[in-house]
Amino acid sequence: MELLRLAGVPGVGKSTTAWAVANRHAAEGIATAYIDIDQLGMCYPAPVDDPDRWVLKETALAAVVREFLRAGVERMVVSGVARPDRPPVLIPGVEVRSLWLRAAESTRRARLRGRGDSTDQLAASLSAGTLEESRIDTAWEQLATDELSEAETVAAVLARRAAASTLPSGGDVETSTYTGARMLWLTGPRLAGASRIGWEIVAEEWSHGRRTGFFDLAQLSLVWNVADAGVANLAAVIREFRCVGADQFVIVAPLEVDPSIVRAALPAADVTFVRLAADAASLEDRARARQRGEGPRLAGDDLLGASNATVARVLRTSVLQSSLPRREGELIVPIARRSPAEAAAAVRIAASW
């Protein structure tokens, strides 16, 4: 497998570029996977010996890489943070190409202004980014993106694919096979708000100091021209989180994932399956909000800035999913016209969470 790693501070274009590169490979018929490493580190409180969760993210990434390898992925693109003052991490048996994208603070400020952060949040992000860029290890190959358009940045990244670092394979790394833990599995028709409600629930757990992992299964399942490895990725990363003391998890997932598949992948886990039920008006409200760019920006979001025709297509799918019968073991929680906090409270009561 060839793995392209794009790192850098917020505003340098790493996520946009990585997503475009992955789609380019996919369009060429290559078995391709994409992941943002930030999705592999949502575990709080952080381990005492790994307060920034650098080690946890890199360990979880290696576990995901192994699962994608088993699924037949040929090229993988990874975006997100990396420890700047250490050389790029290598993964046994994988050809790794690592680039650190850079941009001046003025460029990053202009790019970040449209993300909805407060003035204080923007200032803190820029200051932290400037400090990180002053500490970059010389082993990182660097690429300045200030004067480059998105297309030009993609072209520049692809042109540097010849530079690679490898470690011998040495076989699979041994990991714990224990996946026993308490899990809240939150699903529903598209646009029901599972991600936002799941985030409300896990944030409360974090606020009380209960070490909890959070996963968005869709973000662990971004593959083209190869079988989906999302549930296998989830099981692999949960094992790594268990090793640092996380014993409960909140997982949001597409409705297409059947509970029977989850039980097979996580046989020792105590999973509570909750399906959200929303009315058509609530679904449309959320679709229009995503169309306007409200909420988190996640890879693969086809509603961000979408046409009305795309919104209508997604809504039709959501309404159809809303009519599907309840599956064995699922709890149905109505959330129509409830705020995320109210819906989270209803889920907690129904699931005894």
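For the structure, check the block above.
Residues numbered from 1 in each chain as written. Predicted model: local features only at pLDDT ≥ 70, side-chain atom pairs only at ≥ 80, totals over all residues. Heavy atoms only, no water.

**Student:** Now, about the packing of aromatic side chains: what can you tell me, with residues and values included?
**Tutor:** The geometry of two aromatic rings is summed up by the distance between their centres and the angle between their planes. For the structure shown, the criterion picks out 10 aromatic pairs. Centroid distance tryptophan 100 to tryptophan 140: 5.2 Å. Interplanar angle 75 degrees. Geometry classified as edge-to-face. With tryptophan 100 in strand 5 (residues 95-102) and tryptophan 140 in the loop between helix 4 (119-133) and strand 6 (141-144), this residue pair connects regions lying 40 residues apart in the sequence. Residue classification places tryptophan 100 among the buried positions, given a relative accessible area of 0%. Classification of tryptophan 140 by relative accessible area gives buried; the value is 5%. A centroid spacing of 6.4 Å and a plane angle of 35 degrees characterise the contact between phenylalanine 241 and phenylalanine 249, whose relative ring orientation is tilted. Judged by its relative accessible area of 0%, phenylalanine 241 falls in the buried class. Clustering of aromatic rings is evident, with ring pairs tying together Tyr44, Trp199, Trp206 and Phe214. The ring centre of tryptophan 353 lies 3.9 Å from the NZ or CZ of arginine 182, which sits over that ring. (Phe/Tyr/Trp six-rings, centres within 6.5 Å; stacked < 30°, edge-to-face > 60°. Helix = DSSP H or I, 4+ residues; strand = E, 2+ residues; numbered from the N terminus. Buried < 20%, exposed > 50% of the residue type's maximum accessible area, 1.4 Å probe, protein only. Lys NZ or Arg CZ within 6 Å of the ring centre and 35° of its normal.)

**Student:** Break down the sheet that holds strand 8 (residues 212-216) for me, citing the residues and quoting the values.
**Tutor:** Taken together, six strands build an open sheet; the order of strands is 3-8-10-7-11-12 and the sheet is mixed. Unpaired on one side and paired on the other, strand 3 (43-44) and strand 12 (330-334) mark the two borders of the sheet. Packed on one face of the sheet, helix 6 (residues 194-207) meets strand 3, strand 7 (182-187), strand 8, strand 10 (248-252) and strand 11 (270-277) and runs near 170 degrees to strand 8. Across the face of the sheet, helix 11 (residues 340-351) comes into contact with strand 7, strand 11 and strand 12 while running at roughly 150 degrees to strand 12. (Pairing = 2+ DSSP bridges. Contact = heavy atoms within 4.5 Å. Axes fitted to C-alpha atoms, helices over the stretch in contact; angles between N-to-C directions.)

**Student:** Please give an account of the pattern of salt bridges that cites residues and values.
**Tutor:** With the rule as written, the count across this model stands at 23 salt bridges. Here aspartate 85 makes a salt bridge to arginine 135, at a shortest N to O gap of 3.1 Å. One end of the pair, aspartate 85, is in the loop between strand 4 (75-79) and strand 5; the other, arginine 135, is in the loop between helix 4 and strand 6, with 50 residues separating them in the sequence. On the accessibility criterion, aspartate 85 (28% relative accessible area) is partly exposed. Arginine 135 sits in the partly exposed class, given a relative accessible area of 36%. The structure contains a network of salt bridges with shared partners spanning Glu2, Arg75, Glu95 and Arg97. (Salt bridge = Lys/Arg side-chain N within 4 Å of Asp/Glu carboxyl O.)

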